[in-house]
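What the coordinates show
Now for the letters of each chain:
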Amino acid sequence: QVQLVESGGGSVQTGGSLRLSCAASGVTVSTYCMAWFRQTPGNEREGVAAIERGGFTKYAESVRARFTISQDSATNVLYLQMNNLQADDTAMYYCATDKRSNGACYSRWKSSPSTFDYWGQGTQVTVSS
């Protein structure tokens, strides 16, 4: 079975930083496309960052200069380092994996959450002034 458990969310002031973690079981994070999505009430779930087999990374333009996605093969954990957080970053953040593409992420992954087979329950990030 596949389980993804997010942690590291919380409340932070504008300009602050957080590191989200996604502890994975039943899937090797370095083998498949792994991604972070976020969602606010009433809006669609949107892709934030993704990492493919081989370590190739992808980012939404809104976070490219501020967020970094990475993985630790030894502990099987996916990370999202978030710097210079802004109010618009406030959302529920979800970890997800695509086990159907042999390691590569779907080219339109940012707008295609249905591409991903498994999801965590999410961790809330709140950015305030």
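Residues numbered from 1 in each chain as written. Predicted model: local features only at pLDDT ≥ 70, side-chain atom pairs only at ≥ 80, totals over all residues. Heavy atoms only, no water.

1. Describing the sheet that holds strand β8 (residues 77-82)
Filter applied, for reference: When DSSP locates at least two bridges between a pair of strands, those strands are taken to pair. Strands here are runs of E lasting at least two residues and helices are runs of H or I lasting at least four, both read from the DSSP assignment and numbered beginning at the N terminus. Where helices are involved, their axes are fitted lines through C-alpha atoms of the stretch in contact, as for all axes, and angles between N-to-C directions lie from 0 to 180°.
If you walk across this open sheet you meet the four strands as β1-β3-β8-β7, and the pairing is antiparallel. A single partner strand is all that each edge strand has here, and the edge strands are β1 (3-7) and β7 (67-72). Averaged over neighbouring strand pairs, the angle between their axes works out to 15° when direction is ignored. In terms of strand pairing, β7 meets β8 through six bridges, oriented antiparallel. Looking at the pairing, Gln-71 lines up with Leu-78 of β8.

2. A closer look at the nonpolar core
Stated precisely, the cut-off is as follows: Here, the term nonpolar core denotes a set of buried Ala, Val, Leu, Ile, Met, Phe, Trp, Tyr and Cys residues that are joined through side-chain atoms within 4.5 Å. A simple rule labels every residue: compare its accessible area, found with a 1.4 Å probe on the protein chains alone, to the largest value its type can have, and call it buried under 20%, exposed over 50%, or partly exposed in between. Any two residues having at least one pair of non-hydrogen atoms within 4.5 Å are treated as being in contact.
With 28 residues, the main nonpolar core has Trp-36, Leu-80, Met-82 and Tyr-93 as its most contacted residues. Listing elements by their share of this core, those giving two or more residues are β3 (18-25), β4 (33-39), β5 (46-51), β7, β8, β9 (91-98) and β11 (123-128). When residues in this core are grouped by element, the largest group, four residues, is from β3. In this view, Tyr-93 contacts Glu-6, Leu-20, Trp-36, Phe-37, Arg-38, Val-48, Phe-67, Leu-80, Met-82, Gly-122, Thr-123 and Val-125; residues no more than four positions away in its chain are not counted. Listed in part, the eight residues of the second largest apolar core include Ala-35, Ala-50, Ala-96 and Cys-105.

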